[in-house]
Amino acid sequence: MKKFFKKLWRIITNRVLLIALSLLVQIALLVLVVVFLSFNSVAVYTAFSVLSVITCVFVISKDDNPAYKLAWVVPILALPFFGGFLYIVLGRRNMSPKRKKRMKHLLREAGEQLDKLSENASIPDPDSEKLAELIENSSSFPVFAGTQTQYLPCGEVYFETLICELEKAEKFIFMEFFIIRTGEFWDSVLKILERKAAEGVEVRIMYDDVGCLFKLPSKYDKRLRRAGMHVSVFNRLVPSLDTRMNNRTHRKIVVIDGKTAFTGGINISDEYINLRQPFGHWKDTGMVLRGRAVNSFTVMFLSFWAAANKAEKIDFAPYLAKTDEWADAKGFAQPLSGGPGRNEQLIERAFIRMINTANKYVYINTPYLIIDNEMYTALCIAAKSGVDVRITAPHVPDKKAVFMMTRSFYPGLLKSGVKIYEYVPGFIHAKSMVSDDRAAYVGSCNMDYRSFYLHYECGTFVYDTESIDEIKKDYLNTLKECKPITYEEATDVTVFTKIARSFLRVFSPLL
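A quick note: this is a predicted structure, and the numbers were derived from the prediction, not measured.

Parameters at a glance
- Here the residue numbering is sequential within each chain, running from 1 through the sequence in written order.
- Given that the model is predicted, a residue must reach a pLDDT of at least 70 before its local features are reported, and side-chain atom pairs must reach 80 or more before they are shown or counted; all residues, however, enter totals for whole chains, interfaces and linings.
- By convention in this description, side-chain values take in all heavy atoms of the structure and omit both hydrogens and water.
- A run of DSSP states H or I qualifies as a helix once it reaches four residues; a run of E qualifies as a strand once it reaches two. Both are numbered from the N-terminal end.
- For every residue, the accessible area obtained with a 1.4 Å probe (protein chains only) is divided by the maximum for its type, and the residue is called buried under 20%, exposed over 50%, and partly exposed between those limits.
- Residue contacts are counted whenever heavy atoms from the two residues lie within 4.5 Å of one another.
- A strand pair is defined by DSSP finding two or more bridges across the two strands.
- Axes here refer to lines fitted to C-alpha atoms; in helices the fit is confined to the stretch in contact. Angles between the N-to-C directions go from 0 to 180 degrees.
- Counted as salt bridges are all cases of a side-chain nitrogen of Lys or Arg within 4 Å of a carboxyl oxygen of Asp or Glu.
- Stacked, tilted and edge-to-face pairs are distinguished by plane angle, under 30 degrees for stacked and over 60 for edge-to-face with tilted covering the rest, among Phe, Tyr and Trp rings (Trp via its six-membered ring) whose centres lie within 6.5 Å.
- To sit over a ring, a charge needs its Lys NZ or Arg CZ within 6 Å of the ring centre and within 35 degrees of the ring normal.
- Any pair of nitrogen or oxygen atoms within 3.5 Å is treated as a polar contact; in protein, a donor-acceptor pairing is required on top of that, and neighbouring residues in sequence qualify only through side-chain atoms on both sides.

Bringing the overall build of the chain into the picture now. A tally of helices and strands in the chain yields 19 helices and 19 strands. Looking at the chain as a whole, 57% of its 511 residues qualify as buried. Contacts in the chain between residues at least 24 apart in sequence constitute 82% of all its contacts with a sequence separation of at least 6.

Now the structure itself:
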């Protein structure tokens, strides 16, 4: 009986349950108050109806993605006495004005230092140069020469390389992940971090609260602090009706001594190295940078850390370094970060630029394909222009609704000549793009609304590097384990599936 009450108490006091109940109560009260007032007062009903019309006009006139506008206009018009109020409460997508102002200041300050270290590297290929200019003019991240880039074709190689590099740390280790899950992967990393912290190495860890909600024990950050590490839990989940809770850090960053940086799609969890296989074989990718471009990842991490921890002031200078160790490395690297704090979708625009300037091919890996009209149009135009456009997605889904939305884009893309493949052995979580043997991207950004508009993402574009050939080879090798999707197969679905896809497509920007 004692065990039963202990178990019951744990369930009752569970953080997730308490937050969920609190949100449900808030929503229920909000709906009841608005509906009661609307149906019992003509004046109030009229006021809410007018508010909805004004809100609808405001949404349409905003400089925002048309699909996002439509996703809000539909509920506003469908619920004229409630929709407008709902948008005011839940319609904001950006960080708070204070945090946004602080982030801009930090990025401007860090950008000035990065400019001094980048030496204004010039890329010979004109299309790659224009892509690099787009990124630099829209952000604080310049192009670097003097950087070695090593492509990591799977989580197992990433794990081995990460362990090896962590052992070399002498000054500092910075880590930022969407997911950290207890298991063999994390245990192996944690042992090194604890030992390094005891030796005096500065260890900073940031992880996302929602990403780790069911994967780390409660108050895990306190345990890490007791081991001598600095810890920041990003955007803690609170019982608040605010879509800024949707703004998560989806970035994957490791920086070691300012000399080595890791990026890619790999989180610290056993399924990423196939010790667990909940969705079949897990295919993922990453990249290691060594040399001058590592400074950009240092700036990304510290800027975000300072923005998330208001009381802490960051002096970038001690962490930035100009090194000539990889001065003879071939090609150029341009790390970047995007997120809702910016007024434009930086990574999406860079993707579109790469697609628009492709002459021979564009090969894309993405676990989710939920794209806006701009990306859809770019892919279709490229394919119709004779460019070999290929997209690889999972065959085994991790989220069925998201998978249904992904497949809803297949018919139109296939009809335009885009080739679509599904990874038969399981789930492909890789986020990469390579074009014409001259430019490539590896990072954390999916091709969906959540990554482009709601999440903080990162990655690196590389130009004229040897790693581009490795990315292309790995993509073509992966295709051997993929199933090509035909137009007939993509359109041979039930009426119910068509209706469900249409409904999900409309509201996909809000999910």
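A word on the pairing of strand β16 (residues 439–443). With 5 of its 5 residues buried, β16 lies for the most part within the structure. Side-chain alternation along β16 places Ala439, Tyr441 and Gly443 on one buried face and Ala440 and Val442 on a second face that is also buried. Across 4 bridges, strand β15 (residues 432–435) lies against β16 in antiparallel orientation. Looking at the pairing, serine 435 lines up with alanine 439 of β16.

Moving on to unusual backbone geometry. Of note, aspartate 436 is a non-glycine position whose phi angle comes to about 55°, a positive value. Classification of aspartate 436 as buried rests on a relative accessible area of 11%. Notably, aspartate 437 is not glycine yet its phi reads approximately 60°, a positive angle. Within the fold, aspartate 437 resides in the loop between β15 and β16. A relative accessible area of 37% means that aspartate 437 is categorised as partly exposed.

Our focus in this paragraph is the sheet that holds strand β9 (residues 332–338). Pairing in this open sheet of 8 strands is mixed, and the strands run β9-β18-β16-β15-β10-β12-β13-β19 from one edge to the other. For this open sheet the edge positions go to β9 and β19 (482–484), each flanked by a neighbour on one side alone. Neighbouring strand axes in the sheet, compared pairwise and without regard to direction, differ in orientation by 20° on average. Of the pairings in the sheet, the one linking β16 to strand β18 (residues 457–463) comprises 5 bridges and is antiparallel in character. Each bridged residue has a counterpart across the sheet, and for valine 442 the counterpart in β18 is threonine 460.

Looking now at the side chain of threonine 298. Mapped onto the fold, threonine 298 is located in helix α11 (residues 294–308). Owing to a relative accessible area of 0%, threonine 298 belongs among the buried residues under this scheme. Not counting residues within four places of it along the chain, the set of residues in contact with threonine 298 comprises Phe174, Val255, Gly258, Tyr319 and Leu320.

For the rest of this paragraph, the subject is the sheet that holds strand β5 (residues 253–256). Strand order in the open sheet made by the 7 strands is β1-β8-β6-β5-β2-β3-β4, with mixed pairing throughout. Of all the strands in the sheet, just β1 (147–152) and β4 (230–234) have a single pairing partner and so form its edges. Going across the sheet, the axis of each strand differs from the next one's by a mean of 10°, ignoring polarity. Here 6 bridges tie strand β2 (residues 172–177) to strand β3 (residues 202–208), and the two strands are oriented parallel to one another.

Here we take up the pattern of salt bridges. Applying the stated criterion across every chain, the model contains 24 salt bridges. The closest approach of N and O atoms between glutamate 422 and arginine 407, which form a salt bridge, is 2.9 Å. Linking glutamate 422 in strand β13 (residues 419–423) with arginine 407 in helix α14 (residues 400–408), this pair joins segments that are 15 residues apart in sequence. By relative accessible area, which is 26% here, arginine 407 ends up partly exposed. In this structure, aspartate 437 and lysine 472 form a salt bridge, with 3.2 Å as the shortest nitrogen-oxygen distance. A residue pair is termed long-range when its members are at least 10 positions apart, and aspartate 437 in the loop between β15 and β16 and lysine 472 in helix α17 (residues 466–479) qualify at 35 residues.

To continue, consider the packing of aromatic side chains. Under the criterion given, the structure shown has 21 aromatic pairs. Note on phenylalanine 304 and tyrosine 456: the rings are 4.9 Å apart at their centroids and 65° apart in plane angle, and the pair reads as edge-to-face. One end of the pair, phenylalanine 304, is in helix α11; the other, tyrosine 456, is in the loop between α16 (449–454) and β18, with 152 residues separating them in the sequence. Of the two residues, phenylalanine 304 and tyrosine 456, neither departs from the other in class, the shared state being buried. The positively charged end of arginine 251 is found above the aromatic ring belonging to phenylalanine 304, 4.3 Å away from the centroid. When the ring centre of phenylalanine 409 is taken as reference, the NZ or CZ atom of arginine 505 above it lies at 3.8 Å.

Judged by its relative accessible area of 0%, glutamate 422 is buried. Of note is the side chain of glutamate 422, whose polar atom sits 2.9 Å from the side chain of arginine 407. One polar contact links glutamate 422 to tyrosine 410, side chain to side chain, over a distance of 2.9 Å. When neighbours within four sequence positions are excluded, glutamate 422 is seen to be in contact with Ala393, Pro394, His395, Phe403, Arg407, Tyr410, Glu481, Cys482, Lys483 and Ile485.

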